[in-house]
Amino acid sequence: MGQEWLEGDMNFTIVLYRIDRYKTKKDDVYGEVVEDGIQFMAPVELKGLVQVMAPTNKFYGNSRVEIQEPGSMKFSVYQKTLDDLGVEIWMGDYLGYYESEDRVRYYTVTNDGKVTSDNTHNMFGFKPYYRTITCVPAQEVEFRGV
């Protein structure tokens, strides 16, 4: 995916739910997050290109019960947009994407796109100008919006 998406008006709105890593409650022994201990910053709306991948069929555990998992998502956003808003996207943050007027699907960031040393994401091998964030669908019991 090069610059072709930059030319048209193909931007979609994504809502970024950033985890507040300073206020999140952790246990004293292992530093793991306690139940209901995750704290979030205020949600931020971003515009960018959204690509939802095709869903996959998987077996549930070792059984023969087949389930259909929603596809993962790639979200490309200008680095300047993130800089202007003063936000950073980290692995573990959540993104909300409106699939329709009344349906939001939530995703967990698995690749924050910070390594942008390839020629696709930077200008003439010098300065990164956009990032591609990869996400997987979040289970409804995991995250339902703030």
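Residues numbered from 1 in each chain as written. Predicted model: local features only at pLDDT ≥ 70, side-chain atom pairs only at ≥ 80, totals over all residues. Heavy atoms only, no water.

Engineer: Sorry, what's going on with the pairing of strand E6 (residues 94-100) here?
Structural biologist: Taken residue by residue, a regular strand's side chains alternate between the two faces of the sheet. Across 4 bridges, strand E1 (residues 12-17) lies against E6 in antiparallel orientation. In the strand pairing of E6, Leu 16 is matched with Leu 95. As paired elements, E6 and strand E7 (residues 103-111) share 6 bridges and run antiparallel to each other. Pairing of Tyr 97 across the sheet is with Arg 105, part of E7. Here E6 folds back onto E7, and the loop between the two strands holds 2 residues. (Pairing = 2+ DSSP bridges. Helix = DSSP H or I, 4+ residues; strand = E, 2+ residues; numbered from the N terminus.)

Engineer: For this particular structure, what's the right way to read the packing of aromatic side chains?
Structural biologist: The geometry of an aromatic ring pair comes down to the distance between the two centres and the angle between the two planes. Applying the stated criterion to the full structure yields 1 aromatic pair. With 5.9 Å between their ring centres and 65° between their planes, Tyr 17 and Tyr 106 make a pair best called edge-to-face. Here Tyr 17, found in strand E1, pairs with Tyr 106, found in strand E7; they are 89 residues apart in sequence, far enough to count as distant. Its relative accessible area of 10% is what places Tyr 17 among the buried residues. The positively charged end of Lys 114 is found above the aromatic ring belonging to Trp 90, 3.0 Å away from the centroid. (Phe/Tyr/Trp six-rings, centres within 6.5 Å; stacked < 30°, edge-to-face > 60°. Buried < 20%, exposed > 50% of the residue type's maximum accessible area, 1.4 Å probe, protein only. Lys NZ or Arg CZ within 6 Å of the ring centre and 35° of its normal.)

Limitation: the analysis is restricted to geometry and does not speak to function.
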